[in-house]
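# Architecture and fold: a report
This is what each chain is made of:
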Amino acid sequence: GESVGLHLPTLSVQEGDNSIINCAYSNSASDYFIWYKQESGKGPQFIIDIRSNMDKRQGQRVTVLLNKTVKHLSLQIAATQPGDSAVYFCAENTHGSNDYKLSFGAGTTVTVRA
Amino acid sequence: GAVVSQHPSRVICKSGTSVKIECRSLDFQATTMFWYRQFPKKSLMLMATSNEGSKATYEQGVEKDKFLINHASLTLSTLTVTSAHPEDSSFYICSARGLAGGDNEQFFGPGTRLTVL
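What comes next is a walk through the structure. Remember, it's a predicted structure, so these values are computed and weren't measured experimentally. (Residues numbered from 1 in each chain as written. Chains lettered and ligands numbered in written order. Predicted model: local features only at pLDDT ≥ 70, side-chain atom pairs only at ≥ 80, totals over all residues. Heavy atoms only, no water.)

On to the overall build of chain B. Across its full length, chain B carries zero helices and eleven strands. Tracing chain B from N to C terminus, the helices and strands come up as β-β-β-β-β-β-β-β-β-β-β. Its C-alpha atoms give chain B a radius of gyration of 13 Å, within 12% of the compact-globule value 13 Å for 117 residues. Along the longest, intermediate and shortest principal axes, the C-alpha atoms of chain B span 40 × 25 × 20 Å. Each of the 117 residues in chain B was classed as buried or not, and the buried ones make up 50%. The contacts of chain B with a sequence gap of at least 6 include a subset with a gap of at least 24, amounting to 55%. (Helix = DSSP H or I, 4+ residues; strand = E, 2+ residues; numbered from the N terminus. Rg over C-alpha atoms; globule rule 2.2 N^0.38 Å. Buried < 20%, exposed > 50% of the residue type's maximum accessible area, 1.4 Å probe, protein only. Contact = heavy atoms within 4.5 Å.)

What follows is the structure in structure tokens.
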């Protein structure tokens, strides 16, 4: 079964507000995590990643937080825009497994209200 | 940089026919390519991992004789769905890992929508 999952399948947010998308993982050996954005009919688009030796990483309008104690990952999007409407997936990888395979969570559909 | 393309983007075929999907890394050499399948409103499920010049490694439950994977060069991998049936209708996505990114980084293609009538 999937080792990565998401708490909420959908999220509706008002344009301009901040969004928080959560993800739980179960493999304590995972040491690399990525957030992807997927628009309808397209492939996943890399947003931001974080390694297990960090607990926070910031990008442009996005922040990823990693809590290894409770195996929880979150993506924060600041000032959400209509173009942020998409499905967001977290994915994990275990370094040292030599296969570089990613395991994807179930996904959260984000809808931005105008 | 690090662009991955897929061809075709959409294909409709009759039941029983075979369909080939190409995945290309356009500006880097892909040492490893991955094939995923995604059903509507579902997550990506890894089907197989292919390394250039060697046989693909299939995930549990994926029929290797039905989903033939060839990774003949560092820029091209192909997935052939043999004797396709309506239940094979899905969104097929490839990704590539190579020298363009870090150890774990994968670059995804735009996907191929397969519809089997």
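After that view, the rundown keeps rolling.
Residues and elements named next belong to chain A. On inspection of all chains with the given rule, the structure shows seven salt bridges over all chains. A salt bridge links Glu39 to Lys37; its shortest N-O distance comes to 4.0 Å. A salt bridge links Asp84 to Arg61, with the nearest nitrogen and oxygen atoms 2.9 Å apart. Within this pair, whereas Asp84 is found in the loop between β8 (72–77) and β9 (86–93), its partner Arg61 is found in the loop between β6 (56–58) and β7 (62–67), the two being separated by 23 residues in sequence. Here the salt bridges do not stand alone but share partners, grouping Lys37, Glu39 and Lys42 into one network. (Salt bridge = Lys/Arg side-chain N within 4 Å of Asp/Glu carboxyl O.)

For the rest of this paragraph, the subject is the state of the cysteines. All told, the structure shown has two disulfides over all chains when counted by the stated rule. Across the disulfide from Cys23(A) sits Cys90(A); the S-S distance is 1.8 Å. Given an S-S torsion of about 55°, the disulfide between Cys23(A) and Cys90(A) has right-handed geometry. In this pair, Cys23(A) is assigned in strand β3 (residues 19–25) and Cys90(A) in strand β9, connecting sequence segments 67 residues apart. Per residue, the accessibility class of Cys23(A) equals that of Cys90(A), and both read buried. Lacking any disulfide linkage, Cys13(B) is separated from the closest cysteine sulfur, that of Cys94(B), by 18 Å. (Disulfide = S-S within 2.5 Å.)

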